[in-house]
Amino acid sequence: MDVRQCSERPTQRDTVDVVVLEEDGTFPNNAQLPVLVYVGGLHLPPVDASLMVAGLFNEHRWSGCWVGGVYAYPHYHSTAHEALGVVSGEARLRLGGDQNLRIGVHPGDLLVLPAGVAHECLTATKDFAVVGAYPAGQRPDLCTGAQGERPGVDRNIARVPLPTHDPLLGSAGPLHRHWRA
């Protein structure tokens, strides 16, 4: 499945693609909270896009900002949700492990990954970069689907609190419509 083929670029910043990824035997993913893909949701300035996205995330109570790529191996976080804002280049990511959801991402795209969702970079241009962040108070671990991680990580995922704010639009964003306890 390719999310980019499923929808057109939104005309409103609160339009999102919603994808539920079930547990696949190796990766827990998150059947309760869907992946949110804001295709073209970030309106990037011609310069300092990373600073703008980090500032936006911080303003909306997502912290621990970093700039870089996405690991080229499947991994997930059991102690934090994650926002990834694409600021340059293009990449093809795989979400969900064996569910093999492939998504092309471009500058301005934003992904919000619930705790437990496996993700990896399959291919990327040399200039591909994202700004990553986590809801305030959450610190990510790094899990790879290794034998013995579960059921401990499943308990961690169940305890991760919902964010208080959408990383793009704050308290009024679509995250609250799609992520409910």
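Note that the structure is a prediction, hence the values are computed from the model and not measured.

Cut-offs used in this document
- Within every chain, residues take consecutive numbers counted from 1 along the sequence as written.
- Totals for whole chains, interfaces and linings use all residues, but because this is a predicted model, local features are given only for residues with pLDDT of at least 70 and pairs of side-chain atoms are given and counted only at 80 or more.
- Calculation of side-chain values draws on the structure's entire complement of heavy atoms; hydrogens and water are dropped beforehand.
- Secondary structure counts use DSSP, requiring at least four H or I residues in a row for a helix and at least two E residues in a row for a strand, with both numbered from the N terminus.
- Partly exposed describes any residue whose relative accessible area lies between the buried limit of under 20% and the exposed limit of over 50%, with all areas from a 1.4 Å probe on protein chains only and scaled to the type maximum.
- This arc is built from the directions going out from the helix axis to the C-beta atoms.
- Residue contacts are counted whenever heavy atoms from the two residues lie within 4.5 Å of one another.
- Put plainly, a pocket is an open set of points on a 1 Å grid over the protein atoms alone with protein on both sides within 12 Å along at least five of seven lines, a cavity is a set where a 1.4 Å probe fits but cannot get out, and a lining residue has an atom within 4 Å of a point.
- Grid points are joined across faces, edges and corners, and a volume is the space filled by probe spheres set on the points.
- Charged means Asp, Glu, Lys or Arg here, nonpolar means Ala, Val, Leu, Ile, Met, Phe, Trp, Tyr, Cys or Pro, and polar covers whatever is left, Gly included.

### Considering unusual backbone geometry
Glycine aside, the phi torsion of most residues is negative, and most peptide linkages are trans. Omega for the bond connecting arginine 150 with proline 151 falls within 30 degrees of zero, at 15 degrees, which places this linkage in the cis form. Among the secondary structure elements, proline 151 is positioned in the loop between β9 (129-135) and α3 (152-159). Even without a glycine there, the phi angle at aspartate 48 is positive, about 60 degrees. You can see aspartate 48 is positioned in the loop between β2 (30-38) and α2 (49-59). Of the residues examined, aspartate 48 reaches a relative accessible area of 52% and is grouped as exposed. Even without being a glycine, arginine 61 presents a positive backbone phi close to 65 degrees. Among the structural elements, arginine 61 can be located in the loop between α2 and β3 (62-68).

### Observations regarding α2
For an α-helix, the turn length of 3.6 residues means that residues three or four places apart are oriented alike. Regarding α2, the residues found buried are Ala49, Val53, Ala54, Leu56 and Phe57. Viewed end-on, α2 has its buried residues packed into an arc of 160 degrees, placing them on one side of the element. In α2, those exposed residues whose orientation departs by more than 90 degrees from the buried face are Leu51 and Glu59. If you follow the buried residues of α2, they end up packed against β3, β4 (82-88), β7 (110-113) and β9. Just beyond α2, the residue with positive phi is arginine 61, at close to 65 degrees.

### Side note on empty space enclosed by the protein
Under the definition given, this model contains 1 cavity of 30 Å³ or more. A volume near 30 Å³ is recorded for the largest cavity. Taken together, His77, Ala80, His81, Glu82, Leu113, Pro114, Ala115, Gly116, Val117 and His119 make up the full set of residues lining the largest cavity. Here the residues of the lining of the largest cavity sort into 5 nonpolar, 4 polar and 1 charged.

Geometry only, nothing functional implied.
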